[in-house]
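An overview of the molecular structure
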Amino acid sequence: MTQKTFELVDQSNDRKMTLPVRAGTIGPSVVDIAKLNKELGVFTYDPGFGMTAATESRITYIDGDAGVLLYRGYPVEQLAEKSTFMEVAYLLLHSELPTRKQLDEFIGNIRHHTMINESLLRFFHGFHYDAHPMAMVSAVIASMSAFYHDSMDIYNPRHREIFAHRIIAKIATIAAAAHKHSLGQPHVYPRNDLDYCSNLLHMLYAVPCEPYEIDPVAAQALDLLFILHADHEQNASTSTVRLAGSTGANPYAAVAAGVSALWGPAHGGANEAVLSMLEQIGTVDNIPKFLAQAKDKSSHVRLMGFGHRVYKNFDPRAKIIRETCHKVLSRLGRSDNPLFELALRLEEIALKDEYFVARKLYPNVDFYSGIIYSAIGIPRSMFTVMFAIARTVGWVAHWQEMIGDPAMRIGRPRQLYTGPARREYTSIAKRA
Ligand code: CMC
């Protein structure tokens, strides 16, 4: 079969060039423009990178039109039903599902790293009690760059592996410590006899003066949400981790950059924004008024938890989370949750509205996740932190993939310059 190519014609200079097309395993092929500037003297223009594949990757596949999400080829629905967050973490990092022995060893490695240095714990005292936990988490993760000098050679695969275990283990401890700092309660040390999510709940909710009983419904719900949030190919925060990491920066600094990118309401911050929006709407009667604002471009209001750069049919994660919401609320005896009722009605009305239909805007992963987090007692300011804990696995998998690739280059986008052309400096006395 002949290799597919594209021909690009520069009519003004009567020049042309043949662009090779590269095919992936599944999904659209890409036109390789690496030699474009050398041959035709131009760059491409793609604000928001909507059309640009910045890398080749073997980790996650999304078909936005069909609502398909695969981790290393496995459908997210199957993983959500049958797997666990730790097994999914292993899969994303190591490309294959683990044997029992490999999984036990992996979990053991993560448990081995759950504690954080006492000096790091003291960093939290530098924050006021009302600091947003995302600010504390990103700062403390960046500070980890200053600690583990024994395993900082990014070109050493064993060092990269130790980093992966450390950050996946410690981000849960750091997140819980940020929460405890906000409450003015003492830090709770990890319990290595517990699974990842039960331990997180223990560190978030236990207090020294009374026993804390972990609710298995909450631990299971958290584990499922973490599976669904674990990776999402080249999203803004993962691309940030890749870009920061491509400079050869310390991986903790790269992950801290990812946490900052995730924070925004257009990305991971949407889960927090959805709950604020639902509270602001208040009752079903107010939905039409709110939707009118969300459709009005001059208002800067958006229907949070709706729309996605890639999904133009449905977000498979949102479907699973909506069902889980029903189950979790009924198992916790809170089926009459008014915010969930409101969210269901809001979704129903928006999905019939011409504005959202025409733009293919559907509920995304963040539309219902906050309701589950709330039901299991996680405060709103911690929602995006929860997302960050899960996405750390994806960030690390992408960073590992990039650093392990001998063809890695520093990420460096181009621009179309529209500022002043060259002009001569005039001394201040001569300026009008
Ligand atoms: N409410 C109202 N209008 C919207 C919304 C929304 N939530 N999302 C997109 N639109 C409109 C937008 O105004 C534009 O209209 P027009 O064509 O008339 O100018 C059109 O739909 C296309 O939107 P866009 O902003 O060009 O799309 P994008 O791919 O750049 O942005 C998005 C995707 C997720 C940032 C956006 O849909 C959004 O802001 N959604 C709300 C925030 C949100 O829920 N974010 C979580 C995303 S999923 C989890 C994650 O990534 O972390």
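Structure first, text after, so check above.
Described in the following lines is the structure provided in the data block. (Residues numbered from 1 in each chain as written. Predicted model: local features only at pLDDT ≥ 70, side-chain atom pairs only at ≥ 80, totals over all residues. Heavy atoms only, no water.)

Moving on: the overall build of the protein. The helix and strand tally for the protein stands at 18 helices and six strands. Taking 432 residues into account, the globule formula puts the C-alpha radius of gyration at 22 Å, and the protein, at 24 Å, falls close to it. Reported as C-alpha extents along the three principal axes, the dimensions of the protein are approximately 80 × 70 × 60 Å. Counting over 432 residues, the protein shows a buried share of 45%. Summarising the internal contacts of the protein: among those between residues at least 6 apart in sequence, 69% fall at separations of at least 24. Per element, the accessible surface of the protein, about 22700 Å² overall, is 53% carbon and sulfur. Across the protein, 45 positive and 44 negative side-chain charges occur, with their mean positions spaced 7 Å apart. (Helix = DSSP H or I, 4+ residues; strand = E, 2+ residues; numbered from the N terminus. Rg over C-alpha atoms; globule rule 2.2 N^0.38 Å. Buried < 20%, exposed > 50% of the residue type's maximum accessible area, 1.4 Å probe, protein only. Contact = heavy atoms within 4.5 Å. Areas by Shrake-Rupley, 256 points an atom, 1.4 Å probe, with all protein chains shown as cover. Lys, Arg positive; Asp, Glu negative; His and termini not counted. Charge placed at Lys NZ, Arg CZ, Asp CG, Glu CD.)

Soluble globular proteins tend to pack their nonpolar side chains together in the buried interior. Counting residues in each nonpolar core, the largest one holds 122 residues, and the members touching the most others are Y196, F226, M277, L303 and M386. In terms of residues, this core owes the most to one element, helix α18 (residues 383-403), which gives 14 residues. Beyond its immediate stretch of four places on either side in the chain, M277 contacts F290, R302, L303, M304, L346 and F367. (Core = buried A, V, L, I, M, F, W, Y, C linked by side-chain atoms within 4.5 Å.)

What follows deals with the sheet that holds strand β5 (residues 68-71). One open sheet accounts for three strands, arranged β4-β5-β6; its pairing is antiparallel. Two strands bound the open sheet, and with one partner strand each, they are β4 (60-63) and β6 (74-75). Two elements, β5 and β6, share two bridges in a ladder whose sense is antiparallel. Opposite Y71, over in β6, you have Y74 as the bridge partner. (Pairing = 2+ DSSP bridges.)

Turning our eyes to something else, we now look at the layout of surface pockets. Vacant regions in the atomic arrangement are exposed by a probe of water-molecule size rolled over the atoms. Approximately 470 Å³ is the volume found for the second largest pocket. Taken together, the elements giving at least two residues each to the lining of the second largest pocket come down to α2 (76-82), α9 (216-229) and α14 (316-331). The greatest single-element share of the lining of the second largest pocket, amounting to seven residues, is contributed by α14. Looking at the lining of the second largest pocket residue by residue, the class counts come to seven nonpolar, four polar and seven charged. (1 Å grid on protein atoms, 1.4 Å probe; cavity = no way out; pocket = protein on both sides within 12 Å on 5 of 7 lines; lining within 4 Å. Points joined across faces, edges and corners; volume = space filled by probe spheres on them. Nonpolar A, V, L, I, M, F, W, Y, C, P; charged D, E, K, R; others polar.)

Here helix α4 (residues 100-112) is 13 residues long and its end C-alpha atoms lie 18 Å apart, about the 18 Å a rise of 1.5 Å per residue gives. If you check which residues of α4 are buried, you get L103, F106, I107 and I110. Considered in projection along α4, the buried side chains sweep an arc of 95 degrees and stay on one side of the axis. Opposite the buried face of α4, by more than 90 degrees, sit the exposed residues K101 and H112. Structurally, α4 contributes buried residues whose contacts are with α3 (85-94), α7 (157-183) and α8 (196-205). (Expected span 1.5 Å × (residues − 1). Arc of directions from axis to C-beta.)

Moving on: unusual backbone geometry. Even without being a glycine, H300 presents a positive backbone phi close to 65 degrees. Tracing the backbone shows H300 in the loop between α13 (287-295) and α14. Classification of H300 by relative accessible area gives exposed; the value is 75%. Positive phi, close to 55 degrees, is recorded for K360, a residue that is not glycine. In this fold, K360 is placed in the loop between α16 (354-358) and α17 (366-375).

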